[in-house]
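Commentary on secondary and tertiary structure
Next come the chains, spelled out residue by residue.
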Amino acid sequence: MNRKNTRFLLILGNGFDLQCHLRTTYQSFFDSRFKINLVSQIHFYYIKYVLKQSIDYQKILYEQRSKAKTFFKNMLYQNHKMVRLVIKAYINKSSDELEALKKVSNNNADLKERLVEIDTEMNEAISKDMLNHWELVALAAFAFIRIDSPIMWSDVETMIFKIITWVLINKRKSDQELKKDDDIVDHKYYSVLDVDLDQHANKSFVKFFNDYFFERAAINKTPCECVFQKIIEDLFYDNQFSSDIIANQMLDELIDFESSFSNFIVQQTGLNYKTDTKTINYCKYATELIYNLIYPNQVPTEKNTTIDILNFNYTFDIRFKIPLLNIINSKGINWKVNSWNNIHGVACWNSKEAIKQFSELFNNDDYVKLPAPIFGVDSHEILKSDKNYDLENDPRSIFTKSFRLLDNHVNDIRKTSFQEKIDEIIFYGHSLNKADYSYFESIFDTYDVFHSNVKIKFYYWRGYDKSENINEQEKQLRLKKQARKTMSNIFKLLNSYGSTLANEHGENIINKLMLEQRLEISPSPLI
């Protein structure tokens, strides 16, 4: 690129936040919601202060995840209706260790203060129902889906699609397959036993969820899939109500789930980029990382750079534009941010402080209504290959990302569109999940990547962090593993896009990009 001004579209996924030292994975969120963190902390302090031994906290956390999974699975398998009580029973197992800690805390002010916080959290968890319906489903998925499953239990949006499809479509369809209409003329009336309906539904459910690996039950015992099915139906299904009514109830529960997740994210990032240490540090890491993505060799080849940011995270919103540009421009480089879009909403949506900052940024006397974080499914998953399918009347349509974006007014905080022309599209930290293919296909169409000179660059996680003390051989093994995983996802994405190109040799898109030196895959910079 030998022009005076270069133009980038930067697409950010959760790997961006992880590289900036945030714990924003679904696993970390559920560790908090399922109180695995709480139990791990109690056990860590117990070993440290009562047993007076040293141990790595991350090791304890890993062990507690395994123990929690076994505990939840055993308890729910015995009685699936205990799903609302299982966390309380799990926490109570730590009561003895907590009491032992209280006895040795009198001479340790820091420990005593921390135990007050732990005690408060523990009592609150025991006295209240902390989880909404979707989090209870996640708890059951964590219990019954194996850790080596091709689709992870914590892949939230895939699980949403599976569950809304079962509850709103497949369950009713399964029941109707056995039922016959009464013949009033000949006075023939038909009925089906509930046990027959259940057995038929069980078979349908197991088949529909066969892309997950479930824990195995004992021989001649109820499969774990069927226990998971019962929990889902107890939480969401009621044949007395229409699918549309149930869909809206499920969406209300999902909005509660999204709110819980956004609160968790804000705890990681803080709120004020001017005064909050957490926020300032996050901004520093984020700016350094973006600089390294644009200039991987650390040396700017052009002085003028214009970027668009499409952020799939609920963090790093447009409020960070000012400190980002201040840091970059202090290096003697002229950067311009053309557009900044948190496509799935912002975690700080209900913060008065953040709303005020947004309003000041937009020179708006009225407070800006910020879009809340959303989870959703891709309409491709519903439509599949049936182009004549009536999505409009499908009760699942309100869960599609297109509907959620419209309903959430996400463009209210987006004042400009993407640049008309760009030189490079950079993907960083995105899983390239099918749920987001619609966005990427639209972007590829906008910039006509099949015919244009636009370069596409994918960064992937190395498999280790800068602080990890591992030898060079282990680094190379992890690097190779992550590279192949990323290449597989890129292959699926580009081939899916190629199949949408009419009157073109779309199946050759990868070869074309490679021959024209417009496709690059690189390991993430370490910060």
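Described below are features of the structure shown in this document.

1. So, the packing of aromatic side chains
Overall, the coordinates contain 50 aromatic pairs when judged by the stated rule. Between F29 and F264, the aromatic rings sit 5.5 Å apart at their centres with planes inclined by 65°, giving edge-to-face as the arrangement. A residue pair is termed long-range when its members are at least 10 positions apart, and F29 in helix α2 (residues 26-33) and F264 in helix α12 (residues 243-269) qualify at 235 residues. Centroid distance F142 to W153: 5.0 Å. Interplanar angle 55°. Geometry classified as tilted. Pair noted here: F142 is in helix α8 (residues 133-144) and W153 is in the loop between α8 and α9 (156-178), with a separation of eleven residues, a long-range link. Residue F142 shares its accessibility class with W153, and that shared class is buried. Directly above the ring of F142 sits K69, whose terminal nitrogen or CZ lies 5.8 Å from the centroid. Over the face of the ring belonging to F208 we find K162, whose NZ or CZ atom lies 4.2 Å from the ring centre.

2. Overview of the packing of α8 against α12
Where α8 meets α12, the axes come as close as 7 Å, and the angle between the chain directions of the two elements is 75°. Here α8 lies roughly perpendicular to α12, going by the angle between them. Between α8 and α12, the residues in contact are H133, W134 and E135 and M250, E253, L254, F257 and S260, respectively. Its residues assigned to classes, the contact of α8 with α12 comprises four nonpolar, two polar and two charged.

3. With respect to the environment of H430
Looking at the secondary structure, you find H430 in the loop between β4 (424-428) and α18 (437-446). For the pair formed by H430 and K67, sequence separation is 363 residues and the distance between their alpha carbons is 30 Å. If we ignore the near neighbours within four places in the chain, the residues touching H430 are G13, F312, D436 and F440. Within the local environment of H430, its side chain forms a polar contact with the side chain of D436, the two groups lying 3.0 Å apart.

4. Looking at α2
Within α2, six of the eight residues are buried, which leaves the element mostly enclosed by the surrounding structure. Taken together, the buried positions of α2 are Q27, S28, F29, F30, D31 and R33. Buried-residue contacts for α2 involve α3 (36-50), α4 (57-78), α5 (86-92), α8, α9 and α12. Directly beyond the C-terminal end of α2, a positive phi value near 65° is found at K35.

5. Description of the sheet that holds strand β6 (residues 519-523)
Strand pairing in a sheet is mediated by backbone hydrogen bonds. Such pairs are either parallel or antiparallel. One open sheet holds the six strands; their spatial order is β3-β2-β1-β4-β5-β6, and the pairing between them is parallel. Because the sheet does not close on itself, it has two edges, and the strands there are β3 (334-342) and β6. Pairwise comparison of adjacent strand axes, ignoring direction, gives a mean angle of 20° for this sheet. Contacting β1 (5-12), β2 (304-311), β4 and β5 (455-460), α18 crosses the sheet at an angle of about 165° to β4. Sitting on the sheet, helix α19 (residues 472-498) is in contact with β5 and β6, with an inclination near 140° to β5.

Conventions and cut-offs
Residues numbered from 1 in each chain as written. Predicted model: local features only at pLDDT ≥ 70, side-chain atom pairs only at ≥ 80, totals over all residues. Heavy atoms only, no water. Phe/Tyr/Trp six-rings, centres within 6.5 Å; stacked < 30°, edge-to-face > 60°. Helix = DSSP H or I, 4+ residues; strand = E, 2+ residues; numbered from the N terminus. Buried < 20%, exposed > 50% of the residue type's maximum accessible area, 1.4 Å probe, protein only. Lys NZ or Arg CZ within 6 Å of the ring centre and 35° of its normal. Axes fitted to C-alpha atoms, helices over the stretch in contact; angles between N-to-C directions. Parallel < 35°, antiparallel > 145°, perpendicular 65-115°, else oblique. Contact = heavy atoms within 4.5 Å. Nonpolar A, V, L, I, M, F, W, Y, C, P; charged D, E, K, R; others polar. Polar contact = N/O pair within 3.5 Å; in protein donor to acceptor, adjacent residues only side chain to side chain. Pairing = 2+ DSSP bridges.

Worth remembering: the numbers are spatial, not functional.
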